[in-house]
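The lines below spell out each chain.
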Amino acid sequence: MLRIGPLQIHQPVIVASGPLTRKLTLLQDAQRAGCDAVMLKLTFVDVPFPGQMRSFSVPGQTILSPIDKRLNVDQGCELARQARAETTLKVFANLGARGDQDAHWQILADRFAAAGVHGLELNFCCPNLDTTSLAATKTEHGGAQIGENPDACYKIVQLVKQTVDLPIVCKFLPNAPDVRAVGRACQDAGAAAVHVVGLPTAGLPPIDPTRPGIPDMPLVDNVAFGATNGSICKYSTFMAIARLARAIDIPIIASGGLENWRDFVSAVMWGASGVSLCSSIMWYGWRVVSELNQDLADYMAQHGYTNWQDFRGLALDKLTSPDKIVVRPGVCCIDRDRCIGCGRCTLPGHCDAITLQDSKARVDDALCIGCGVCQRLCPVGAITYDAM
Ligand SMILES: Cc1cc2nc3c(=O)[nH]c(=O)nc-3n(C[C@H](O)[C@H](O)[C@H](O)COP(=O)(O)O)c2cc1C
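The structure displayed is predicted, hence computed values, not measured ones.

So, on to the nonpolar core. If you look at the biggest cluster of nonpolar residues, it comprises 99 residues, and the most contacted ones within it are Ile14, Val38, Leu120, Cys153, Cys170, Val194 and Ile241. Counting 9 residues, the second-largest nonpolar core is a separate cluster that includes Cys332, Ala361, Cys374 and Ala382.

Shown next as structure tokens:
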């Protein structure tokens, strides 16, 4: 169970703000799949520019999206009202405005409070809102530019907190010079939780070589730097969680490349209190949620956990600086009965320890440096590592 202020969220997966939370029927799908909380699609008083989702999508890697359809405040509040009336979900609004638009933050907070949401998620994370001139100050930008500036985060959280009595979640990326300062600013200003999304945050699609000069993205005439969500963010998400977990006491929700029970367990063991998913559900459907719930329940039963908070932060004391990593000597071991002789483990360019003999891989212990690469190349799990 995850607590955000007075709210209790009983199910592991929160649906992240985005295409999955833009209309009621999808929110109903989320509830049926076993979610207890959703973050509605980003809403503005003045939508900065019209849009429609376009993407370069590589399942298992990234959904690179430079543009999406955002809601205006009437649409966002109507969706919130429908969600409250037609579902039992805990509903968070996802609010966007520029850093200098104090009145907009207040209007959004007021209007969503009146629409009955359970909480507010302040969007300090969107990487594709920066259309203002290069001369603008950081607080005049929206989204990710706010999240790089602890003072701006502090000011907006305080403003919203003074406006409404709802739990506030601050959503940002780890791209500030020090993400811990951003987390502390949100905590000090009274946020109930933070939501961190791992890097990389923005990128460009490849060029389609059959159409020289044309970016490989359907149904657009040109592109901008696009948000790069999905699996490629996962390891940065773990890092951001761990850094924040050592710096703040309020719950950390994490998204960015998380897609199954293993990712959930890793995120929580690095210090997250809750987890939010978007790309994996977009690729593989709502079964991602039901499977994660079931697999996590099995894992917890196996290990005697009744609440995922029981294992929160368990990995943190393993995190140190590189000079304090203890390197234990050892070599890879090949299970010759399992080995199918495919030779993939002989491919690594940096390694001359493994050869094929009689159609089976064989390791020369004296040459093996114990790097860990061949283990993940083996398609049948025949390679393990033994300490000497
Ligand atoms: C197409 C698309 C649109 C998104 N729109 C929003 C948004 O409106 N507000 C927001 O806070 N995050 C938005 N996100 C970010 C997601 O909420 C989530 O934090 C991010 O995708 C990382 O999780 P994932 O790797 O599971 O996708 C969007 C993501 C995608 C892919």
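Relative to the helices and strands, Gly96 is located in the loop between β9 (90-95) and α3 (102-115). What makes Gly96 buried here is the crowd of 28 C-beta atoms within 10 Å. In this structure, the C-alpha to C-alpha distance between Gly96 and Leu129, residues 33 residues apart in sequence, is 9.6 Å. Setting aside residues no more than four positions away along its own chain, Gly96 makes contact with Leu42, Thr43, Phe44, Asn123, Cys126, Gly142 and Gly143.

To continue, consider unusual backbone geometry. A cis amide bond links Leu199 to the next residue, Pro200, at an omega of 0°. Mapping Pro200 onto the fold places it in the loop between β12 (193-197) and β13 (202-203). With a phi close to 55°, Asp358 is a non-glycine residue in the positive phi region. Within the secondary structure, Asp358 is located in the loop between β18 (354-357) and β19 (360-363). Given 7 C-beta atoms within a 10 Å radius, Asp358 is considered exposed. The backbone phi angle of Ser359 is positive, close to 60°, even though this residue is not glycine. Along the chain, Ser359 falls in the loop between β18 and β19. Assessed through the 10 C-beta atoms surrounding it within 10 Å, Ser359 is described here as exposed.

Our focus in this paragraph is the domain arrangement of the protein. In terms of domains, the protein is made up of domain 1 (2-318) and domain 2 (327-387). Inter-centroid distance (C-alpha atoms) of domain 1 to domain 2 is 40 Å.

For the rest of this paragraph, the subject is the packing of helix α2 (residues 73-86) against α3. Running from N to C, α2 and α3 cross one another at 25°; their axes reach a closest spacing of 8 Å. Overall, the two elements α2 and α3 adopt an arrangement that is roughly parallel. Crossing angle aside, the handedness with which α2 passes α3 is right-handed. Mapping the contact onto sequence places Val73, Cys77, Ala80 and Arg81 in α2 and Ile107, Leu108, Arg111, Phe112 and Ala115 in α3.

Cut-offs and rules
- Residues numbered from 1 in each chain as written.
- Predicted model: local features only at pLDDT ≥ 70, side-chain atom pairs only at ≥ 80, totals over all residues.
- Core = buried A, V, L, I, M, F, W, Y, C linked by C-beta atoms within 7 Å.
- Buried ≥ 20, exposed ≤ 12 C-beta atoms within 10 Å, placed from the backbone.
- Helix = DSSP H or I, 4+ residues; strand = E, 2+ residues; numbered from the N terminus.
- Contact = placed C-beta atoms within 7 Å.
- Domains from an automatic or database assignment.
- Axes fitted to C-alpha atoms, helices over the stretch in contact; angles between N-to-C directions.
- Parallel < 35°, antiparallel > 145°, perpendicular 65-115°, else oblique.
- Left-handed = near helix turned anticlockwise from the far one by under 90°.

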